[in-house]
Amino acid sequence: MGVTIYHNPACGTSRNTLELIRLSGVEPTVIEYLKSPPDRDTLVNLIDDAGLSVREAIRQKGTPYQELGLDNPSLSDDALLDAMLAHPILINRPFVVTPMGTRLSRPSEIVLDILPADAFKGPFVKEDGEAVLDAEGRRLV
């Protein structure tokens, strides 16, 4: 199964998501989007395929969101996309693409919706101590 994650290794949610993918037995294609940002078409497709609005795909915390005035509700999707492409830190993460769909995996366990449920054989606990899978690999949250 081909899986791609748009990853930020400095983000705990992104690291947890990556570990869940690997626990499913898949080694994904990892795109560190801060180093290799998606082009406009790819970003639009990620957002659309995940069922999000452009505004829902923008990261506010730890970004220049406020400084750029992106909280202005009159800004168009094109203007928001321009900002995300100019400042990739504004792209919320991690986006994950599998044959089962595309998700913005926040929280990280959302990735389980697009991975085969029978792929998990053991427990998983996030970095913060929250249990996600039990000893038999069944989803807890």
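Below is a short write-up of the structure. Every residue gets a number counted from 1 within its own chain, in the order that chain's sequence is written. This being a predicted model, a pLDDT of at least 70 is required before a residue's local features are given, and a value of 80 or more before pairs of side-chain atoms are given or counted; all residues contribute to the totals for chains, interfaces and linings. Hydrogens and water are ignored here; the side-chain numbers use all heavy atoms of the structure.

Some words on the nonpolar core
And then number 1: If you look at the biggest cluster of nonpolar residues, it comprises 19 residues, and the most contacted ones within it are Ile 47, Met 84, Leu 90 and Phe 95.
And then number 2: Helix and strand assignments come from DSSP, with helices taken as H or I runs of at least 4 residues and strands as E runs of at least 2, each series counted from the N terminus. With four residues, helix α3 (residues 77-86) is the largest single contributor of residues to this core.
And then number 3: Excluding anything up to four places from it in sequence, Leu 90 contacts Ala 57, Ile 58, Arg 59, Thr 63, Pro 64, Tyr 65, Leu 68, Leu 70, Ala 83 and Met 84.
And then number 4: Here, nonpolar core means buried Ala, Val, Leu, Ile, Met, Phe, Trp, Tyr and Cys residues that are tied together by side-chain atoms lying within 4.5 Å of each other. Residue exposure (1.4 Å probe, protein chains only): buried if accessible area is under 20% of the type maximum, exposed if over 50%, otherwise partly exposed. Ranked by size, the runner-up nonpolar core spans 16 residues in total, among them Leu 20, Ile 21, Val 111 and Leu 115. Note on contacts: a residue pair is in contact if any heavy atoms of the two residues lie within 4.5 Å.

Concerning the environment of Glu 109
And then number 1: With respect to the helices, strands and loops of the structure, Glu 109 is situated in the loop between β4 (101-104) and β5 (124-125).
And then number 2: Assessed through its relative accessible area of 8%, Glu 109 is described here as buried.
And then number 3: In sequence terms Glu 109 and Leu 46 are 63 residues apart; their C-alpha atoms lie 18 Å from each other.
And then number 4: With near-sequence residues (within four places) excluded, Glu 109 lies in contact with Leu 20, Lys 126, Glu 130, Val 132, Arg 139 and Val 141.

Notes on the pairing of β4
And then number 1: Pairing between two strands is assigned when DSSP locates at least 2 bridges connecting them. Here strand β3 (residues 95-98) runs beside β4; their pairing, made up of four bridges, is antiparallel. Paired with Phe 95 across the strands is Leu 104, a residue of β4.
And then number 2: Counting the residues between successive antiparallel strands, the hairpin from β3 to β4 contains two residues.

With respect to the sheet that holds strand β2 (residues 29-32)
To summarise the sheet geometry, strands pair through backbone hydrogen bonds and adopt either a parallel or an antiparallel arrangement.
And then number 1: Strand order in the open sheet formed by four strands is β2-β1-β3-β4, with mixed pairing between adjacent strands. Here the strands that pair on one side only, and so sit at the sheet edges, are β2 and β4. Taking the axes of each pair of neighbouring strands and ignoring which way they run, one obtains an average angle of 15 degrees across the sheet.
And then number 2: In the sheet, strand β1 (residues 4-7) pairs with β2 via four bridges, with the strands oriented parallel. Interaxial angle, 0 to 180 degrees, is taken between N-to-C directions of lines fitted to C-alpha atoms, where a helix line uses only the stretch in contact.

Describing helix α1 (residues 12-23)
And then number 1: To estimate the expected span of a helix, subtract one from its residue number and multiply by 1.5 Å. Over its twelve residues, α1 extends 16 Å from the first C-alpha to the last, a length consistent with the 16 Å expected when each residue adds 1.5 Å.
And then number 2: Regarding α1, the residues found buried are Ser 14, Asn 16, Thr 17, Leu 18, Leu 20 and Ile 21.
And then number 3: If you follow the buried residues of α1, they end up packed against β1, β2, β3, β5 and β6 (131-133).
And then number 4: Just beyond α1, the residue with positive phi is Gly 25, at close to 95 degrees.

A closer look at the pattern of salt bridges
Two side chains of opposite charge can pair, provided their charged atoms sit close to one another.
And then number 1: When a carboxyl oxygen of Asp or Glu lies within 4 Å of a side-chain nitrogen of Lys or Arg, that pair is called a salt bridge. In the structure shown here, the tally under the stated rule is eleven salt bridges.
And then number 2: Note that Glu 127 and Arg 15 form a salt bridge whose closest N and O atoms lie 2.7 Å from each other. Pair noted here: Glu 127 is in the loop between β5 and β6 and Arg 15 is in helix α1, with a separation of 112 residues, a long-range link.
And then number 3: Notably, a salt bridge pairs Lys 126 with Glu 130, separated by 3.0 Å at the nearest N-O pair.
And then number 4: Its relative accessible area of 31% is what places Glu 130 among the partly exposed residues.

So, the side chain of Thr 17
And then number 1: Within the secondary structure layout, Thr 17 lies in helix α1.
And then number 2: Counted as a polar contact is a pair of N or O atoms within 3.5 Å, where, for protein atoms, one must be capable of donating a hydrogen and the other of accepting one, and residues adjacent in sequence contribute only when both atoms are in side chains. From its side chain, Thr 17 meets the backbone oxygen of Thr 13 in a polar contact 2.8 Å long.
And then number 3: Contacts of Thr 17, omitting those with residues within four sequence positions, involve Ile 5, Pro 94, Val 96, Ser 105, Ser 108 and Val 111.

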